[in-house]
Amino acid sequence: QSTIRKKVLQALFESDQEFLSGQALADIAGCSRTAIWKHIEELRKEGFVLEAVRKKGYRIIETPDSVTESKIRLGLQTRTLGTMIHYEESVLSTQRIAHTLASDGAEEGTLVIADEQTAGRGRLMREWHSSKGTGIWMSLILKPHLPPQKAPQFTLIAAVAVVQAIEEVTGLHPQIKWPNDILINGKKVTGILTELQAESDKINSIIIGIGMNVNQTKDHFPDEIQKIATSLSIEEGRTLSRSVIVQRLLERIEALYSLYMKEGFTPIKLLWESYAISIGKKIRARTINGTIEGRALGITDEGVLKIEDSGGTIHQIYSADIEV
Ligand code: BT5
């Protein structure tokens, strides 16, 4: 089903302004003309504006800024990530869906993405604001053959990928605040939530949730986060294509993931530190066991944050909220 849709779209894009007849499309996609007609209708529902002229055929007039499967697939250059794409218009949380799919044996690289989340969440069940049609709300399933202790490193892999993808698509230079915040001009543009399905000695699935603010204006954010949140379009001053960002992001995650599996965490760590905001600075880390103040030294080979307090003691921080 989706390969036919992909072939139809690709052919329409390649023919650009020229019309393609239903028969030509049927030949290219290897299906009947009735099937082509159904796919055209589905594409219209996704927001593609397709002109149909009798005796001439079809051509594309406009493509939507959507994050549907077809929109993401077209132009995606990955080997395994995104081979399965589950798109939904509105969900409670893509994370929940990904958990269910992962338990049901979803393959590595499965992507769950939605136009809107009504109960998006951050760490410790905090709320993640995910307004309709404005951001990237996605969860990616990976199945690395690794022990569960390695899981936190995937938050850092994802953070580096997010920075690189944003740099590739915009002129912006985001920074990473350990462990999971991506900031632009000190405001949060992306949050990452890495969750795990594991046995005591091995990971079954890692679910990387990424929430990226793309085309929001200030008014899209509720009052309580207006001061701390930003979007790519606020910072860049133009609207951006969400599907293109998803494509670049998946490509970056794939490249870094494969680097990590080949060479371990060291090259990732170096990249991560080059984007990190707080290394060398005085910071305050609020953990569930209390607050630690000191100088951030860097991260360990496990991805754990090291802070040196005024007495010279070095603390290893596994999970915290950081104030710079
Ligand atoms: C995070 O948590 O930053 C992880 C966010 C992960 C969201 C993705 S979206 C796709 C997938 N499905 C989900 O349900 N979740 C994942 P944390 O570090 O706990 O930060 C949460 C805090 O960020 C909130 O308490 C707010 O202060 C702030 N916040 C909420 N929504 C925001 C937004 N859209 N932009 C910036 N900050 C936000």
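Residues numbered from 1 in each chain as written. Predicted model: local features only at pLDDT ≥ 70, side-chain atom pairs only at ≥ 80, totals over all residues. Heavy atoms only, no water.

**Student:** How would you sum up the overall build of the chain? Please name residues and give values.
**Tutor:** Along the chain, the regular secondary structure elements total 10 helices and 14 strands. Its C-alpha atoms give the chain a radius of gyration of 22 Å, within 12% of the compact-globule value 20 Å for 324 residues. Across its three principal axes, the chain shows a C-alpha extent of roughly 80 × 45 × 30 Å. When the 324 residues of the chain are sorted by exposure, 51% land in the buried category. Nonlocal contacts in the chain, meaning residues at least 24 apart in sequence, comprise 62% of its contacts between residues at least 6 apart. Here the chain displays about 15400 Å² of accessible surface, and carbon together with sulfur accounts for 49% of that area. On the chain, the mean spot of the 39 positive side-chain charges and the mean spot of the 41 negative ones are 2 Å from each other. (Helix = DSSP H or I, 4+ residues; strand = E, 2+ residues; numbered from the N terminus. Rg over C-alpha atoms; globule rule 2.2 N^0.38 Å. Buried < 20%, exposed > 50% of the residue type's maximum accessible area, 1.4 Å probe, protein only. Contact = heavy atoms within 4.5 Å. Areas by Shrake-Rupley, 256 points an atom, 1.4 Å probe, with all protein chains shown as cover. Lys, Arg positive; Asp, Glu negative; His and termini not counted. Charge placed at Lys NZ, Arg CZ, Asp CG, Glu CD.)

**Student:** Any details on the sheet that holds strand 12 (residues 305-308)? Residues and values, ideally.
**Tutor:** Spatially, 13-12-11-10-14 is the arrangement adopted by the 5 strands of the open sheet, whose pairing is antiparallel. The outermost strands of the open sheet, each flanked by one partner alone, are strand 13 (314-317) and strand 14 (321-323). Across this sheet, the average inter-strand angle for adjacent strands is 45°, counted without regard to direction. Where strand 10 (residues 282-287) meets strand 11 (residues 290-299), 6 bridges bridge the pair, whose relative direction is antiparallel. Bridging from a neighbouring strand, R284 pairs with E293 of strand 11. (Pairing = 2+ DSSP bridges. Axes fitted to C-alpha atoms, helices over the stretch in contact; angles between N-to-C directions.)

**Student:** Just give me the short version of the pattern of salt bridges, but keep the residues and values in it.
**Tutor:** A complete count under the given rule lists 22 salt bridges for this structure. D321 serves as the salt-bridge partner of R126, at 2.4 Å between the closest nitrogen and oxygen. Placement of the pair is R126 in the loop between strand 4 (111-117) and strand 5 (135-142) and D321 in strand 14, with a sequence separation of 195 residues. Two residues, E251 and R248, come together in a salt bridge whose shortest N-O distance is 2.9 Å. (Salt bridge = Lys/Arg side-chain N within 4 Å of Asp/Glu carboxyl O.)

**Student:** Let's hear about the domain arrangement of the chain: which residues, and what values?
**Tutor:** On domain assignment, one finds that the chain holds domain 1 (2-62), domain 2 (69-275) and domain 3 (282-323). Of note, the centres of domain 1 and domain 3, computed from C-alpha atoms alone, are 56 Å apart. (Domains from an automatic or database assignment.)

**Student:** Go over the sheet that holds strand 4, please, and point to the residues and values.
**Tutor:** The strand order 3-4-5-9-8-7-6 describes an open sheet built from 7 strands, whose pairing is mixed. With partners counted over all chains shown, the strands left at the sheet margins are strand 3 (85-91) and strand 6 (175-177), one partner each. Between one strand and the next, the sheet's axes are offset by a mean angle of 20°, whatever the strand orientation. The sheet contacts of helix 5 (residues 94-103) involve strand 3, strand 4, strand 5, strand 8 (187-198) and strand 9 (203-213), and relative to strand 5 the element is tilted by about 20°.

**Student:** Give a detailed account of the site of the ligand, specifying residues and quantitative values.
**Tutor:** Taken together, 28 residues are adjacent to the ligand, and S93, R121, R126, K188 and N213 come closest. N180 places a polar side-chain atom, nitrogen or oxygen, 3.2 Å from an oxygen atom of the ligand. Relative to its unbound accessible area of 800 Å², the ligand is 92% covered by the protein chains. Applying the majority rule of atoms within 2 Å of the grid points places the ligand in the largest pocket. Those elements giving two or more residues to the shell around the ligand turn out to be helix 5, strand 5, strand 8 and strand 9. A breakdown of the residues in the shell around the ligand according to their chemical character gives 9 nonpolar, 13 polar and 6 charged. (Near = heavy atom within 4 Å. Polar contact = N/O pair within 3.5 Å; in protein donor to acceptor, adjacent residues only side chain to side chain. 1 Å grid on protein atoms, 1.4 Å probe; cavity = no way out; pocket = protein on both sides within 12 Å on 5 of 7 lines; lining within 4 Å. Sits in = over half its atoms within 2 Å of the grid points. Nonpolar A, V, L, I, M, F, W, Y, C, P; charged D, E, K, R; others polar.)

**Student:** Describe the packing of helix 2 (residues 22-29) against helix 3 (residues 33-45), with residues and values.
**Tutor:** Running from N to C, helix 2 and helix 3 cross one another at 95°; their axes reach a closest spacing of 9 Å. The orientation of helix 2 relative to helix 3 falls into the category roughly perpendicular. Two secondary-structure elements touch here, helix 2 through G22, Q23, L25, A26 and A29 and helix 3 through R33, I36 and I40. Taken together, the residues of the contact of helix 2 with helix 3 sort by class into 5 nonpolar, 2 polar and 1 charged. (Parallel < 35°, antiparallel > 145°, perpendicular 65-115°, else oblique.)

**Student:** Could you give an account of the side chain of T78, with specific residues and numbers?
**Tutor:** Checked against the element boundaries, T78 lands in the loop between helix 4 (69-73) and strand 3. At 2.6 Å, the side chain of T78 and the backbone oxygen of L81 are in polar contact. Once residues lying within four places of it in the same chain are set aside, the contact partners of T78 are L250, E251 and E254.

**Student:** Any details on the packing of aromatic side chains? Residues and values, ideally.
**Tutor:** Enumeration over the complete set of coordinates arrives at 3 aromatic pairs. Between F154 and Y257, the ring centres sit 5.8 Å apart and the planes meet at 65°, which makes this aromatic pair edge-to-face. One end of the pair, F154, is in helix 6 (residues 152-169); the other, Y257, is in helix 9 (residues 242-263), with 103 residues separating them in the sequence. Accessibility expressed as a relative area gives 8% for Y257, which makes it buried. When the centroid spacing of 6.4 Å and the interplanar angle of 85° are considered together, the rings of Y260 and F265 count as edge-to-face. (Phe/Tyr/Trp six-rings, centres within 6.5 Å; stacked < 30°, edge-to-face > 60°.)

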